[in-house]
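Listed below are the residues making up each chain.
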Amino acid sequence: KGEKMKIIGHELVPYEPFISCKNLAQLAQNSDKNVLIKFNDTLIKTAVQNGLNFGVYASNLTQLLLANACGAKFIIVPKRIAKEAADTAQEYLFDAQICVVLDGESELEWLSKTGADVAIFKEGIKNGNF
């Protein structure tokens, strides 16, 4: 691939945070931001219909495949499927970037070996985590 890993939420790297949205009102309120939603049919449909720049938290490969097909720009996956998700994204030439939320800098090296595109520190997500 040869692209550099993006890092969101680290104090040394300038970034635009994700805004976690748990319902339609929050989605509407933050339509001009990078919104992040837990996999949910209604919220994804609304994000697509309104042309939002959105990311999806996908807990498994089925949700990963659907989120990419719907046009999510970022797909956050649990650490346990990070490598499999990155491999799947590479195999099928996803437009979406595969992201993993890290607990600290010490996990960056591990993440670099998975092939994931984006490391997100907790500070990179406003309104809490999933």
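Our subject in this report is the structure included herewith.

1. Thoughts on the pattern of salt bridges
Part 1 of the reasoning: What the rule picks out here adds up to 6 salt bridges.
Part 2 of the reasoning: In this structure, Lys 79 engages Glu 107 in a salt bridge whose closest nitrogen and oxygen atoms are separated by 3.0 Å. Placement of Lys 79 in the loop between β5 (74–76) and α4 (82–91) and of Glu 107 in the loop between β6 (97–102) and α5 (108–112) is noted, with a sequence separation of 28 residues between them.
Part 3 of the reasoning: Between Glu 109 and Lys 113 there is a salt bridge, with its nearest N and O atoms 3.2 Å apart. Comparing Glu 109 with Lys 113 shows no difference in burial state: the two are exposed.
Part 4 of the reasoning: In the salt-bridge network here, residues are joined through shared partners; they are Lys 79, Asp 103, Glu 107 and Lys 122.

2. Brief notes about the pairing of strand β7 (residues 118–121)
Part 1 of the reasoning: Judged by which residues are buried, β7 turns out to be covered on both faces: Val 118 and Ile 120 on one side and Ala 119 and Phe 121 on the other are all buried.
Part 2 of the reasoning: Summarising the sheet, strand β1 (residues 6–8) and β7 pair through 3 bridges and their orientation is parallel. Across the sheet, residue Ile 8 finds its bridge partner in β7, namely Ile 120.
Part 3 of the reasoning: In this sheet, β7 lies alongside β6 in parallel orientation, the contact comprising 4 bridges. Note on β7: the bridge partner recorded for Val 100 is Ala 119.

The rules behind these values
Residues numbered from 1 in each chain as written. Predicted model: local features only at pLDDT ≥ 70, side-chain atom pairs only at ≥ 80, totals over all residues. Heavy atoms only, no water. Salt bridge = Lys/Arg side-chain N within 4 Å of Asp/Glu carboxyl O. Helix = DSSP H or I, 4+ residues; strand = E, 2+ residues; numbered from the N terminus. Buried < 20%, exposed > 50% of the residue type's maximum accessible area, 1.4 Å probe, protein only. Pairing = 2+ DSSP bridges.

Everything listed here is a matter of coordinates, which is why it stays silent on function.
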